[in-house]
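Here is how the chains run, residue by residue.
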Amino acid sequence: MVIYATSVSQKIVVSLLSPDEWERLRQIRIRALKENPEAFGANLTEVVNQSKEDWLKLYEKEDYLVASSNGQDIGMLYIEVLKGDHGATCWIGGCWTDPSFRGIGVMRSIFDYIDKNAAKKGWQRQGLGVWADNLLAINSYKSLGFNFAGEKMLGNSSGKFFQHMIRDVPKN
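The shown structure was predicted, so the numbers you read here are calculated from the model rather than taken from an experiment. (Residues numbered from 1 in each chain as written. Predicted model: local features only at pLDDT ≥ 70, side-chain atom pairs only at ≥ 80, totals over all residues. Heavy atoms only, no water.)

Considering all chains together, one arrives at zero disulfides under this definition. Left without a disulfide partner, Cys90 is nearest to the cysteine sulfur of Cys95, which lies 11 Å away. (Disulfide = S-S within 2.5 Å.)

Now for helix 1 (residues 22-35). In a regular helix each residue adds 1.5 Å, so 14 residues correspond to 20 Å; helix 1 covers 20 Å between its end C-alpha atoms and thus fits that length. For helix 1, the set of buried residues is Trp22, Leu25, Ile28, Arg29, Ile30, Ala32 and Leu33. Those residues of helix 1 that are buried are in contact with helix 2 (44-48), helix 3 (52-58), strand 3 (63-69), strand 4 (72-81) and strand 5 (90-97). (Helix = DSSP H or I, 4+ residues; strand = E, 2+ residues; numbered from the N terminus. Expected span 1.5 Å × (residues − 1). Buried < 20%, exposed > 50% of the residue type's maximum accessible area, 1.4 Å probe, protein only. Contact = heavy atoms within 4.5 Å.)

So, about the pattern of salt bridges. A complete count under the given rule lists eight salt bridges for this structure. In this structure, Lys57 engages Glu60 in a salt bridge whose closest nitrogen and oxygen atoms are separated by 3.8 Å. Like Lys57, the residue Glu60 is exposed in the burial classification. Arg167 is the partner of Asp115 in a salt bridge, and the nearest nitrogen-oxygen pair spans 2.8 Å. With a gap of 52 residues between them, Asp115 in helix 4 (residues 106-121) and Arg167 in strand 8 (residues 161-168) connect regions that are remote in the sequence. A cluster of three or more residues bridged by salt bridges with shared partners is formed by Glu21, Arg24 and Asp73. (Salt bridge = Lys/Arg side-chain N within 4 Å of Asp/Glu carboxyl O.)

Further remarks concern the environment of Leu16. The topology assignment puts Leu16 in strand 2 (residues 11-16). Taking the relative accessible area as the measure of exposure, Leu16 reaches 31% and is therefore partly exposed. Leave out the neighbours within four places in its chain, and Leu16 touches Glu21, Asp63, Tyr64, Leu65, Tyr113 and Lys121.

For the rest of this paragraph, the subject is the layout of surface pockets. Of the voids in this model, the largest pocket is the one considered here, and its volume is about 1000 Å³. Together, 41 residues line the largest pocket, and Ala39, Cys95, Asn134, Ala137 and Tyr141 are the ones closest to its centre. Of all the secondary structure elements, the ones that give two or more residues to the lining of the largest pocket are strand 4, strand 5, helix 4, strand 6 (125-131) and helix 5 (135-143). Looking at side-chain class alone, the lining of the largest pocket contains 20 nonpolar, 14 polar and seven charged residues. If you add up the space inside the second largest pocket, you get close to 240 Å³. Taken together, 13 residues make up the lining of the second largest pocket; nearest its centre are Arg29, Leu58, Glu62, Tyr64 and Tyr78. Of all the secondary-structure elements, those providing two or more residues to the lining of the second largest pocket are helix 1, helix 3 and strand 4. No other element matches the three residues that strand 4 contributes to the lining of the second largest pocket. (1 Å grid on protein atoms, 1.4 Å probe; cavity = no way out; pocket = protein on both sides within 12 Å on 5 of 7 lines; lining within 4 Å. Points joined across faces, edges and corners; volume = space filled by probe spheres on them. Nonpolar A, V, L, I, M, F, W, Y, C, P; charged D, E, K, R; others polar.)

As structure tokens, then:
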């Protein structure tokens with residue numbers, strides 16, 4: 001667990017969840033899908049209906065980071081170590097910040113945690129996909145050091161396009 005202060009009144013704690021915290025992960029993932037379904041490729045009904053075993057199986061290939069403030073979970077993402085497109089050593093997904101906490105550095109705190117643990121976890125070159133029309137997310141990722149990689153691609157049956165973005169851990 002790492003603590004970052006973004007202001008005098010707002011302390012953000014970033015936690016790497018363990019499998020026994022699967023219900024905590026489930027709760028914030030469902031909140032994210034209810035609050036911003038347009039931001040994700042996942043289906044809320046399918047996620048709600050996942051069994052405990054389904055949730056535990058996710059931990060076999062992914063790490064889950066959750067940001068909280070005053071005991072409330074306010075942001076999340078997951079990371080899978082792999083040999084990905086554009087030379088990525090890991091792929092990030094499910095990025096979400098509770099709308100009432102946007103703009104205070106929640107994602108910045110999570111990415112600070114990622115940067116500090118990149119060498120030991122294999123997170124040196126991070127890739128992600130973002131819906132091409134999600135300009136808020138794109139601008140957020142750019143502010144964290146992500147750049148476009150490749151061309152826009154058709155994402156799902158709805159006809160939406162997504163764009164890959166890549167980021168290397170900043171050199172100190």
